[in-house]
Amino acid sequence: MFKIRPLLSALVTRRPTSERHGGLSALFSCRMSEGPRDEQTAKLLKRANEENEECAERGQATKRIKAEGEHTEDEKKYPKKKVVLLMAYSGKGYYGMQRNPGTSQFRTIEDDLVTALIKSGCIPENHGDDMKKMSFQRCARTDKGVSAAGQVVSLKLRLLEDITEKINEHLPPQIRVLGLKRVTQGFNSKNNCDARTYCYMLPTVAFALKDYDCGNIAAFRLEPETLQRVNRLFALYKGTHNFHNFTSQKAPSDPSARRYITEMLCGEPFLCNNTEFAVITVRGQSFMLHQIRKMIGLVIAVVKGYTTEAVIERSWGQEKVDVPKAPGLGLVLERVHFDRYNKRFGGDGLHERLEWDREEEAIKAFKEAHIYPTIVETECEEGSMVSWMSTLPIHDFEATANDARDNKDQKQDGADVGNDSD
């Protein structure tokens, strides 16, 4: 209101001396008796207010144009482009990959990733709460505690210099961005993914007979004949089957319960911390919540002698079968596959193939530094596999699962909704 004071001063000088000494109170006290002069005063005050508003609007417009100009320059220097990020992480201490809006107390991998993207300047701060604005999509949703050596996410971001280094500066050591590649504008890391490969690392004592004393798991060694039987059972999963019994709250008639498995194999055992471990590899088109852990859990139950292998075939039928779920500790998303995308765009001269040969050494180094040691140390200290094996006798493999146990599983699975494998 910087123009009102001079205006009022000018009005006051036109009044009698007695009114001038009365100040503004005298001025406004005369409004009832001085009609024409009141109107003139009101017009002058209105004009002053309008001029002040116009000045304020011009000032705001100038600031807005300046800010937009700075934003435009920033966009020109670092335009947003569609890319994929290759990620590796140890899932210990995290509630899965995917963010869960409204449950900030349960930290996820994406929570820390988005924070790092904002702090590094790769995405605007006001887009952090709605990553759809950046076309964000992860290839696979990993469960609570599950790790990844080859996770891929797609999104739009500003292509800064040394971008992966800048992002990693704001990430904890157990989460790393190992690579970045440009992709087509319509690329979606989940929808364009043809297959996922997971690994599951476990102590081989899991395949000991049920009467074996697990007090000293370091003494157990897996016999070659037992390994052959394990792999023969895993081979039964290959092909397309109805896996409604290997997840939660899926009806046998649900088409999404049918999944295609191309590979499942247990590798040769090896020693870590004087304890024998082995790695199971499974590749499929996609997997449901807890599907891999239940596939492994059921084979362990068969090998240990709690049930016969006929239960595997029966589990694909219509009836509900009580399938045990192996611990999540050893599960690792090994890599994701984009065969169709590579065939269509990989040789067009504009886009790179989504393969990570140059990053293989970094992937291997991360697994050896953060993933494998965590699995081995946690297993040896906490004995999650041995503790889980002690629960196998309570499962009724010959009859359908009873309602009490089924409801208990559903409550537990409900806590992980949104964190299914992919």
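Residues numbered from 1 in each chain as written. Predicted model: local features only at pLDDT ≥ 70, side-chain atom pairs only at ≥ 80, totals over all residues. Heavy atoms only, no water.

## Quick look at the state of the cysteines
- One pass over the full model with this rule turns up zero disulfides.
- With no disulfide partner, cysteine 380 has as its closest neighbouring cysteine sulfur the one in cysteine 272, 8.5 Å distant. (Disulfide = S-S within 2.5 Å.)

## Section: helix H7 (residues 224–235)
- Taking 1.5 Å per residue as the helical rise, H7 with its twelve residues ought to reach 16 Å, and the 17 Å between its terminal C-alpha atoms agrees with that figure.
- Among the residues of H7, Leu227, Val230, Asn231, Leu233 and Phe234 are the ones counted as buried. Seen along its axis, H7 keeps its buried residues to an arc of 160 degrees; they face one direction. Turned more than 90 degrees away from the buried face of H7 sit Glu225 and Gln228, all of them exposed.
- Residues of H7 that are buried sit in contact with strand E7 (258–266), strand E9 (275–284), helix H8 (291–304) and helix H9 (310–315). (Helix = DSSP H or I, 4+ residues; strand = E, 2+ residues; numbered from the N terminus. Expected span 1.5 Å × (residues − 1). Buried < 20%, exposed > 50% of the residue type's maximum accessible area, 1.4 Å probe, protein only. Arc of directions from axis to C-beta. Contact = heavy atoms within 4.5 Å.)

## Side note on the nonpolar core
- Of all hydrophobic cores here, the largest spans 101 residues; its most connected members are Leu117 and Tyr237.
- Ignoring any residue separated from it by four or fewer positions in sequence, one finds tyrosine 237 in contact with Phe243, Phe246, Ile261, Met264, Lys294, Met295, Leu298, Val299, Ile312 and Trp316. (Core = buried A, V, L, I, M, F, W, Y, C linked by side-chain atoms within 4.5 Å.)

## A look at the packing of aromatic side chains
- Evaluated as defined, the whole model comprises eleven aromatic pairs.
- Between tyrosine 237 and phenylalanine 246 the ring centres are 5.9 Å apart and the planes differ by 90 degrees, which places this aromatic pair in the edge-to-face class.
- Owing to a relative accessible area of 0%, phenylalanine 246 belongs among the buried residues under this scheme.
- Summarising the aromatic geometry, the rings of phenylalanine 243 and tryptophan 316 are spaced 6.5 Å apart at their centres and angled 75 degrees between planes, so their arrangement reads as edge-to-face. Here phenylalanine 243 is found in the loop between strand E6 (239–242) and E7, whereas its partner tryptophan 316 is found in the loop between H9 and strand E10 (331–337), with 73 residues between them in sequence. (Phe/Tyr/Trp six-rings, centres within 6.5 Å; stacked < 30°, edge-to-face > 60°.)

## Examining a negative patch on the surface
- The grouping of Glu161, Asp162, Glu165 and Glu169 at the surface amounts to a negative patch.
- Relative to the helices and strands, glutamate 161 is located in the loop between strand E3 (147–158) and helix H6 (163–169). (Patch = residues over 30% accessible without salt bridge, like charges linked within 9 Å, V, L, I, M, F, W, Y side chains within 5 Å. Areas by Shrake-Rupley, 256 points an atom, 1.4 Å probe, with all protein chains shown as cover. Salt bridge = Lys/Arg side-chain N within 4 Å of Asp/Glu carboxyl O. Lys, Arg positive; Asp, Glu negative; His and termini not counted. Charge placed at Lys NZ, Arg CZ, Asp CG, Glu CD.)

## Overview of the pattern of salt bridges
- Applying the stated criterion across every chain yields a total of 13 salt bridges.
- Among the ionic pairs, arginine 232 bridges to glutamate 309, the shortest N-O distance being 3.3 Å. Taken as a pair, arginine 232 in helix H7 and glutamate 309 in the loop between H8 and H9 lie far apart in primary sequence, 77 residues in all.
- A relative accessible area of 43% places arginine 232 in the partly exposed class.
- The partner of arginine 358 in a salt bridge is glutamate 352, with the nearest N and O atoms 3.3 Å apart.
- For arginine 358, a relative accessible area of 67% gives the class exposed.

## Some thoughts on the side chain of glutamate 334
- With respect to the helices and strands, glutamate 334 occurs in strand E10.
- Those residues in contact with glutamate 334 that lie beyond four places of it in its chain are Ala149, Gly150, Thr197, Tyr198, Cys199 and Lys367.

## As for unusual backbone geometry
- One non-glycine residue, asparagine 273, lies in the positive phi region at around 55 degrees.
- Along the chain, asparagine 273 falls in the loop between strand E8 (270–272) and E9.
- Take asparagine 273: its relative accessible area is 54%, and that puts it in the exposed class.
- At histidine 290, a position not held by glycine, the phi torsion is positive, near 70 degrees.
- Residue position: histidine 290 is located in the loop between E9 and H8.

## Comments concerning the pairing of E10
- With six of its seven residues buried, E10 lies for the most part within the structure.
- Pairing between E3 and E10: two bridges, direction parallel. Residue alanine 148 lies in a different strand from E10, and its bridge partner there is leucine 333.
- Pairing of strand E5 (residues 195–203) with E10, which is carried by six bridges, proceeds in the antiparallel orientation. Along E10, the bridge assignment pairs alanine 195 with histidine 337. (Pairing = 2+ DSSP bridges.)

## Comments concerning helix H5 (residues 109–119)
- Within H5, the full set of buried residues consists of Ile109, Glu110, Asp112, Leu113, Val114, Ala116 and Leu117.
- Against the buried residues of H5 lie strand E1 (80–89), strand E2 (137–138), E3, H6 and strand E4 (175–182).
- Once H5 finishes, glycine 121 follows within two positions and takes phi at roughly 85 degrees, a positive value.

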